[in-house]
Amino acid sequence: MTTIRQLSIWFILIIGLASCGGGDTGNVPPPVQNGDTNLTWTPPVCWADNTPLQPEKDISRYDGYIDEFGSFDDNSAVVFSVSGVDNTGRPITSFNLRLLSAYGIHPPYYVSLKSVSLDNATSKFSDPAFCGE
Amino acid sequence: MKNFRLLSGIFTVLFVLLCYSYGQAETLAWNAPTTYTDGSAIGTAAVTYTARWSTSLSLTNPHTLASAISGLSTTFNVDTEGMVRGSTIYFGVYATVATANSADGTLLWVVSYKVPTAPGNLRIQ
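Values in this document were obtained by computation on a predicted structure and should not be read as measured data.

Enquirer: In this structure, what is going on with the overall build of chain A? I would like to understand it.
Expert: Broken down by element type, chain A carries three helices and seven strands. If you list the helices and strands of chain A from N to C, you get α-β-α-β-α-β-β-β-β-β. As presented, chain A carries roughly 7400 Å² of accessible surface, and 51% of it is formed by carbon and sulfur atoms.

Enquirer: Is there a simple way to explain unusual backbone geometry in this structure?
Expert: Excluding glycine, residues mostly have negative phi values, and the peptide bonds linking residues are mostly trans. Across the junction of Pro107(A) and Pro108(A), the peptide omega takes the value 5°, indicating a cis bond. By the secondary structure assignment, Pro108(A) is in the loop between strand S5 (94-96) and strand S6 (109-117). At Leu59(B), a residue that is not glycine, the phi angle is positive and equals roughly 60°. Relative to the elements of secondary structure, Leu59(B) occurs in the loop between strand S3 (47-54) and strand S4 (63-69). Phi angles above zero are rare outside glycine, and Ala98(B) is one such case at about 55°. By relative accessible area, Ala98(B) is classed as exposed at 62%.

Enquirer: What's the story with the interface of chain B and chain A in this structure? I'm lost.
Expert: How big an interface is tends to be reported as the loss of accessible area on association of its parts. At the interface, 20 residues of chain B touch 36 residues of chain A. Counting the surface lost from both chain B and chain A, the interface buries some 2200 Å², and carbon and sulfur atoms represent 61% of this. The interface formed by chain B and chain A holds one salt bridge in total. The closest approach of N and O atoms between Lys114(B) and Asp49(A), which form a salt bridge, is 3.8 Å.

Enquirer: Help me understand the pattern of salt bridges in this model?
Expert: Opposite charge on two side chains lets them pair, provided their charged atoms get close. All names here are of chain B. This model, assessed by the stated rule, comprises five salt bridges over all chains. Between Arg52 and Asp104 there is a salt bridge, with its nearest N and O atoms 2.5 Å apart. Of this pair, Arg52 sits in strand S3 while Asp104 sits in the loop between strand S7 (100-101) and strand S8 (105-110); the two residues are 52 residues apart in sequence, bridging distant segments of the chain. Under the relative-accessibility criterion, Asp104 is labelled partly exposed at 27%.

Enquirer: Would you mind showing me how to read the nonpolar core here?
Expert: For soluble globular proteins, nonpolar side chains are generally found buried alongside one another. Core analysis: the largest hydrophobic core is formed by 22 residues, its most contacted members being Leu39(A), Trp41(A), Ile66(A), Phe80(A), Leu97(A), Leu100(A) and Val111(A). Residue assignment for this core shows that the elements contributing at least two residues are strand S2 (38-42), strand S3 (59-67), strand S4 (80-83), S6 and strand S7 (129-131) of chain A together with strand S9 (120-124) of chain B. Within the second largest apolar cluster, 19 residues are counted, among which are Tyr36(B), Phe76(B), Val78(B) and Ala95(B).

Enquirer: Explain the packing of aromatic side chains to me, please; I cannot follow it from the model alone.
Expert: Aromatic ring pairs are defined here through the distance separating the ring centres and the angle between the ring planes. All names here are of chain A. For the structure shown, the criterion picks out nine aromatic pairs over all chains. Judged by centre distance (4.9 Å) and plane angle (55°), the ring pair of Tyr110 and Phe130 falls under tilted. In this pair, Tyr110 is assigned in strand S6 and Phe130 in strand S7, connecting sequence segments 20 residues apart. For Tyr110, a relative accessible area of 28% gives the class partly exposed. Its end group placed over the ring of Phe125, Lys114 keeps NZ or CZ at 4.3 Å from the ring centre.

Enquirer: Any chance you could explain the pairing of strand S6 (residues 88-97) of chain B here in plain terms?
Expert: Along any regular strand the residues' side chains alternate between the sheet's two faces. Residues and elements named next belong to chain B. Counting buried residues along S6, nine of its ten residues qualify, which places the element largely inside the surrounding structure. Here eight bridges tie S3 to S6, and the two strands are oriented antiparallel to one another. In the sheet register, Val47 faces S6, and the bridge partner there is Val97. Note: S6 against S8, six bridges, orientation antiparallel. Pairing of Gly92 across the sheet is with Thr106, part of S8. As defined by bridge partners, S6 adjoins S7 across two bridges and the pair is classed as antiparallel. Directly across from Val97, in S7, lies its bridge partner Ala100. Taken together, S6 and the strand that follows it, S7, pair antiparallel across an intervening segment of two residues, in which Ala98 is found at a positive phi of about 55°.

Enquirer: Please clarify how the environment of Tyr113(B) should be interpreted in this entry.
Expert: Here Tyr113(B) is to be found in the loop between S8 and S9. For Tyr113(B), a relative accessible area of 34% gives the class partly exposed. Residues Tyr113(B) and Ser87(B) lie 26 residues apart in sequence; the distance between their C-alpha atoms is 9.5 Å. In this structure, Tyr113(B) is in contact with Asp119(A), Ala121(A), Arg85(B) and Gly86(B), ignoring residues within four places of it in sequence.

Enquirer: Hey, could you run me through the environment of Ile59(A) in this one?
Expert: Tracing the backbone shows Ile59(A) in strand S3. Residue Ile59(A) is classed as buried on the basis of its relative accessible area of 4%. Sequence separation between Ile59(A) and Ser115(A) is 56 residues; the distance between their C-alpha atoms is 6.7 Å. The contacts of Ile59(A), once residues within four sequence positions are left out, are Pro44(A), Leu53(A), Gln54(A), Gly84(A), Ser115(A), Val116(A), Ser117(A), Leu118(A) and Pro116(B).

Rules used in this analysis
Residues numbered from 1 in each chain as written. Chains lettered and ligands numbered in written order. Predicted model: local features only at pLDDT ≥ 70, side-chain atom pairs only at ≥ 80, totals over all residues. Heavy atoms only, no water. Helix = DSSP H or I, 4+ residues; strand = E, 2+ residues; numbered from the N terminus. Areas by Shrake-Rupley, 256 points an atom, 1.4 Å probe, with all protein chains shown as cover. Buried < 20%, exposed > 50% of the residue type's maximum accessible area, 1.4 Å probe, protein only. Contact = heavy atoms within 4.5 Å. Buried area = accessible area lost by both parts, 1.4 Å probe. Salt bridge = Lys/Arg side-chain N within 4 Å of Asp/Glu carboxyl O. Core = buried A, V, L, I, M, F, W, Y, C linked by side-chain atoms within 4.5 Å. Phe/Tyr/Trp six-rings, centres within 6.5 Å; stacked < 30°, edge-to-face > 60°. Lys NZ or Arg CZ within 6 Å of the ring centre and 35° of its normal. Pairing = 2+ DSSP bridges.

Put into structure tokens, the structure is as follows:
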């Protein structure tokens, strides 16, 4: 896990491409192996000054951070990046953490997100979520 | 008649972003001058401050943030003031003792962009 902090992988998810390859018409999602790995979140709806924000128009991406102890600070490196909207213009609200295993990043760890605006202004860290083994 | 032109060299302006209020309001703050240009102490003389901003370094056509206040800071809202986010603006603050004004203490600032809040309700399912 100590290598996680050293990893600074810009992992750009083109969710639209991912969604095009599915072809699954069933109602039941495929079973998740080795624990739950689908990270979900609620997009921000306001700016820090409490004025309204439209995530589909104002959020460029979400930057993801991984830490084994859940301590995120200014020295934390971006591990993955998720587009703010999919190819239909709707806000993206999930990410499959299992994709990170290709980079040697395996649970257990904590994950946190930052919202990034079109002007490249970043939010604070979100409250972290724990991904167990 | 004493020289009331305040020593601009020590009249420095400090800009403080209220990071904790995170974009709701910004605060322009400055240090009080302590001497006149002739080096003598201002002492207990009443000093007031006028804070302005402009898109030009020479502070032409300035917008007044605060006028003749006794405090060492003033808060403002970027949007209410009509500051263009991402643009460069210039602040100027001058002190007044009796009827004499100091030179401006100045500060360049790139107007901050709006900061989004973080996503919420992170879950792993």
